[in-house]
Amino acid sequence: MTSVMPAKRILQGAIIAAVYAALTILLAPLSYGPMQVRVSEALTVLPALTSAGVPGLFVGCLVSNMLGPYGIVDVVVGSGASLLAAIGSYCLREKPLLVPL
């Protein structure tokens, strides 16, 4: 039974990454425009519900930025910003009203 939990977390993280990447790519004109507006960033509250959200969001953002037009700077800085937001959400899980901030 103990091997089920890591598999469940990996699956949750993979689903979150896929949803993030799909939302970003499907809404590409907004996601990759001159002023990036990513609807997928709303998912950064998920780490407050599951720790699998932290790596899931990071990988989803990383994939999205690798497919985007802004190159290595967006891959590193943008993915890093999403990782920090996800970690912040995870750390604030005891204060759910602060998570969306």
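Residues numbered from 1 in each chain as written. Predicted model: local features only at pLDDT ≥ 70, side-chain atom pairs only at ≥ 80, totals over all residues. Heavy atoms only, no water.

**Q** Go over helix α3 (residues 53-67) with me, naming the residues and quoting the values.
**A** Here α3 contains 15 residues, and its C-alpha end-to-end distance of 21 Å stays within 8% of the 21 Å for a straight helix at 1.5 Å per residue. Of the residues making up α3, those classed as buried are G53, V54, G56, L57, G60, C61, S64 and N65. The buried residues of α3 occupy an angular sector of 170° when the element is viewed end-on, so they sit on one face. Away from its buried face, by an angle of more than 90 degrees, α3 presents the exposed residues M66 and L67. (Helix = DSSP H or I, 4+ residues; strand = E, 2+ residues; numbered from the N terminus. Expected span 1.5 Å × (residues − 1). Buried < 20%, exposed > 50% of the residue type's maximum accessible area, 1.4 Å probe, protein only. Arc of directions from axis to C-beta.)

**Q** Any chance you could break down the side chain of S79 for me, citing the residues and the numbers?
**A** Locating S79 in the fold gives a position in helix α4 (residues 71-91). A polar side-chain atom of S79 sits 3.2 Å from a polar atom in the side chain of N65. Contact partners of S79, with chain neighbours within four places excluded, come to F58, C61, L62, N65 and D74. (Polar contact = N/O pair within 3.5 Å; in protein donor to acceptor, adjacent residues only side chain to side chain. Contact = heavy atoms within 4.5 Å.)

**Q** Quick rundown of the nonpolar core? Include the residues and the values.
**A** Counting 7 residues, the largest nonpolar core is built from I16, Y20, L43, V54, L57, C61 and A86. Taken together, the elements giving at least two residues each to this core come down to α1 (4-26) and α3. Considering every element that reaches this core, the biggest residue donor is α3, with 3 residues. Apart from residues no more than four positions distant in its own chain, C61 is found in contact with Y20, R38, G78, S79 and S82. (Core = buried A, V, L, I, M, F, W, Y, C linked by side-chain atoms within 4.5 Å.)

**Q** Can you lay out the packing of aromatic side chains for me, pointing to particular residues and giving the numbers?
**A** Under the counting rule described, the total for this entry stands at 0 aromatic pairs. Geometry around Y90 places R93 over its ring, the cationic atom sitting 3.9 Å from the centre. (Phe/Tyr/Trp six-rings, centres within 6.5 Å; stacked < 30°, edge-to-face > 60°. Lys NZ or Arg CZ within 6 Å of the ring centre and 35° of its normal.)

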